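A look at the structure
Chain by chain, the residues:
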Amino acid sequence: MTAHIMTPAEVLSTYWRHGTLPVDPVSIAQAAGIEVIPFSPGKCEGASGEYIPTGPSGRPVIHYNPTENINRIRFTVAHELGHHFLRHGRRMRDTREVIGNQNDFYEVSANRFAADLLMPKDYVSILINQRKVTSVEKLSHILGVSTSAMDYRLKNLGYYSL
């Protein structure tokens, strides 16, 4: 477990095989000593995920909602990794509404972290500029994210029309 704030680029450099896509946030969590566990049936109550710095085993824990689609689960785990690596402390049961709250510093920064982790700027640039992948659907498939997440990321990176 790290004692300092880490950027998504530092996390990828430390815990991920360079150049491998899609980025697997569960593997990153496990490599960082974080347990990733689905919520027990009936325990998620509309929540997508939560981050607990010290779980029953003494290790950090990320819970996710196993009833959501795989792209949503991947983004949720990456978002909760953001809470961990940005040192936000315990984040209880993030619902879609909480995660999407643009007025909550912790949620906005965890969303940015997740986007940077799953859709690294350099990787997106290589896919578009060198490999000539210009379809949002194809990019989202390669990176393992939803088309809406990919579209939002492309807009943030300045790719307004492909």
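Our structure is the block above this text.
Below is a summary of the structure that appears in this document.

Turning to the nonpolar core, a few remarks are in order. Most often, soluble globular proteins have nonpolar side chains that are buried together. Among the nonpolar cores identified, the biggest contains 38 residues, and Val11, Ile28, Leu81, Phe85, Leu117, Met119 and Met150 are the most heavily contacted of them. For this core, the elements supplying multiple residues, two or more each, are α1 (8–15), α2 (25–31), β3 (61–64), α3 (70–85), α5 (105–118), α6 (121–130), α7 (136–143) and α8 (147–156). Residue contributions to this core peak at six residues, all from α3. Those residues in contact with Val11 that lie beyond four places of it in its chain are Met6, Trp16, Ile28, Phe85, Phe113 and Leu117.

Take a probe with the size of a water molecule and roll it over the atoms, and the empty space left behind shows itself. Considered as a void within the structure, the second largest pocket measures approximately 260 Å³ in volume. Forming the walls of the second largest pocket are 14 residues, and the residues nearest its centre are Ala9, Leu12, Pro120, Asp122 and Tyr123. Contributions of two or more residues to the lining of the second largest pocket are made by α1 and α6. Broken down by class, the residue content of the lining of the second largest pocket amounts to six nonpolar, three polar and five charged.

The end-to-end C-alpha distance of α3, which contains 16 residues, comes to 22 Å, matching closely the 22 Å that a straight helix rising 1.5 Å per residue would cover. N-cap assignment for α3: the residue whose side-chain oxygen lies 3.0 Å from the backbone N of Asn71 is Asn69. At the C-terminal side of α3, Arg87 shows a positive phi close to 60 degrees.

In this structure the tally under the stated criterion is three aromatic pairs. Aromatic side chains Tyr15 and Phe85 sit 5.8 Å apart centroid to centroid with 40 degrees between the ring planes, which places their arrangement in the tilted category. Taken together, the residues span a long stretch of sequence, with Tyr15 in helix α1 and Phe85 in helix α3 at a distance of 70 residues. Of the residues examined, Tyr15 reaches a relative accessible area of 17% and is grouped as buried. For the ring pair Phe105 and Tyr106, a centre distance of 5.4 Å and an interplane angle of 75 degrees mean the geometry is edge-to-face.

Cut-offs applied
- Every chain begins its residue count from 1, and numbering advances along the sequence as written.
- Totals for whole chains, interfaces and linings use all residues, but because this is a predicted model, local features are given only for residues with pLDDT of at least 70 and pairs of side-chain atoms are given and counted only at 80 or more.
- Think of the side-chain values as coming from all heavy atoms in the structure, minus any hydrogens and water.
- Nonpolar cores are built from buried Ala, Val, Leu, Ile, Met, Phe, Trp, Tyr and Cys residues. Side-chain atoms within 4.5 Å join them into one set.
- The buried label applies to any residue whose accessible area, calculated with a 1.4 Å probe on protein chains only, is under 20% of its type's maximum; exposed applies above 50%, and partly exposed to all values in between.
- Where helices and strands are cited, they refer to DSSP runs of H or I of at least four residues and of E of at least two residues respectively, numbered from the N terminus.
- Contacts were defined at the residue level, with two residues in contact if any of their heavy atoms lie within 4.5 Å.
- Points on a 1 Å grid, built from protein atoms alone, make a cavity when a 1.4 Å probe fits but cannot get out and make a pocket when they are open with protein on both sides within 12 Å along at least 5 of 7 lines; residues with an atom within 4 Å of a point are the lining residues.
- Grid points are joined across faces, edges and corners, and a volume is the space filled by probe spheres set on the points.
- Throughout this entry, Asp, Glu, Lys and Arg are counted as charged residues, while Ala, Val, Leu, Ile, Met, Phe, Trp, Tyr, Cys and Pro are counted as nonpolar. The remaining residues, Gly among them, count as polar.
- Expected span of a helix: the number of residues minus one, times 1.5 Å.
- Polar contact is the term for a pair of N or O atoms within 3.5 Å; when the atoms are in protein, one must be able to donate a hydrogen and the other to accept it, and sequence-neighboring residues count only if both atoms are side-chain atoms.
- Put simply, two rings from Phe, Tyr or Trp (the six-membered ring, in Trp's case) pair if the centres are within 6.5 Å, and we call them stacked under 30 degrees between planes, edge-to-face over 60, tilted for the rest.

Function cannot be inferred from these measures alone, as they are strictly geometric.
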